[in-house]
Amino acid sequence: MSNAKVSPTLGPDGRGVAPCCPPLTERPMTAEEADTASRMFKALGDPVRLRLFSAVASHEGGEACVCDISDVGVSQPTVSHHLKKLKEAGLLTSERRGTWVYYRVEPSVLTAMGRLLAMPSTA
């Protein structure tokens, strides 16, 4: 069994830190790791969710108000639904400030996803 460290990512509740997964080329995933990774990829498998995730990730300052990212071709309730799914998958966190909600992609999420798909370096 490998003693490799795994990259952190947010848990499904958007709080705390849960382990994600080692690179796919390192060893076979455990059932728990596969479940975590599949939730992330399933959430990003929808084009609207991928656009929302990209809008938040690329927004100045690393966070975006829902009012700044809602123009993705669907109604506001649908945007809220997709943002909720991204939060449930552990890809976004949110904070309410007055009447607006601000979303952020935690750097550890991008690191974990990148590490999962990384090819081993050739030395």
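This is a predicted model, so every value here is computed, not measured.

What counts as what
- Residues numbered from 1 in each chain as written.
- Predicted model: local features only at pLDDT ≥ 70, side-chain atom pairs only at ≥ 80, totals over all residues.
- Heavy atoms only, no water.
- Salt bridge = Lys/Arg side-chain N within 4 Å of Asp/Glu carboxyl O.
- Helix = DSSP H or I, 4+ residues; strand = E, 2+ residues; numbered from the N terminus.
- Buried < 20%, exposed > 50% of the residue type's maximum accessible area, 1.4 Å probe, protein only.
- Expected span 1.5 Å × (residues − 1).
- Arc of directions from axis to C-beta.
- Contact = heavy atoms within 4.5 Å.
- Pairing = 2+ DSSP bridges.
- Axes fitted to C-alpha atoms, helices over the stretch in contact; angles between N-to-C directions.

Student: Is there a simple way to think about the pattern of salt bridges in this case?
Tutor: Any two side chains of opposite charge can pair if their charged atoms end up close together. Summed over all chains, the structure comprises eight salt bridges. Its salt-bridge partner being Arg115, residue Glu26 comes within 3.9 Å of it at the nearest N-O pair. Note that Glu26 is positioned in the loop between strand 2 (17-19) and helix 1 (31-44) and Arg115 in helix 5 (residues 107-117), a separation of 89 residues in sequence. Judged by its relative accessible area of 33%, Glu26 is partly exposed. Put simply, Glu33 and Arg27 hold a salt bridge, and the shortest N to O gap is 2.7 Å. Classification of Glu33 by relative accessible area gives buried; the value is 9%.

Student: Sorry, what's going on with helix 2 (residues 47-58) here?
Tutor: Helical geometry note: an α-helix holds 3.6 residues per turn, so side chains three or four residues apart project in the same direction. Its 12 residues give helix 2 an end-to-end C-alpha distance of 16 Å, which sits within 8% of 16 Å, the value for a rise of 1.5 Å per residue. Listed as buried for helix 2 are Val48, Arg49, Leu52, Phe53 and Val56. Buried residues of helix 2, viewed axially, fall in a sector of 135°; they line one side. The exposed residues of helix 2 that point more than 90 degrees off its buried face are Pro47 and Ser58. On its buried side, helix 2 packs onto helix 1, strand 3 (63-65), helix 3 (66-69), helix 4 (76-88), strand 5 (100-104) and helix 5.

Student: Even after reading the chapter, I still don't get the pairing of strand 5, so can you show me in this structure?
Tutor: Each regular strand displays side chains that alternate between the two surfaces of the sheet. Burial along strand 5 is one-sided: Val101 and Tyr103 are buried, and none of Trp100, Tyr102 and Arg104, which face the opposite way, are. The sheet contact formed by strand 3 and strand 5 spans three bridges and is antiparallel. If you follow Glu63 over to strand 5, its bridge partner there is Arg104. With five bridges connecting them, strand 4 (residues 93-97) and strand 5 associate as antiparallel partners. Pairing of Arg96 across the sheet is with Val101, part of strand 5. Here strand 4 hands over to strand 5 after two residues, with Gly98 in that stretch at a positive phi of 65°.

Student: Please clarify how the sheet that holds strand 5 should be interpreted in this entry.
Tutor: The strands making up a sheet are joined through hydrogen bonds of the backbone, oriented either antiparallel or parallel. Strand order in this open sheet of three strands is 3-5-4, and the pairing throughout is antiparallel. Two strands close off the open sheet at either side, each with one partner strand: strand 3 and strand 4. The mean inter-strand angle of the sheet, taken between neighbouring strand axes irrespective of direction, is 25°.

Student: Can you walk me through helix 4 in this structure?
Tutor: Between its terminal C-alpha atoms helix 4 stretches 18 Å, which fits the 18 Å expected from 13 residues at 1.5 Å a residue. Of all the residues in helix 4, the buried ones are Val79, His82, Leu83 and Leu86. The buried residues of helix 4 occupy one face: seen down the axis, they fall within an arc of 100°. Within helix 4, the exposed residues directed more than 90 degrees away from the buried face are Pro77 and Lys84. Buried residues belonging to helix 4 abut helix 1, helix 2, helix 3 and strand 5.

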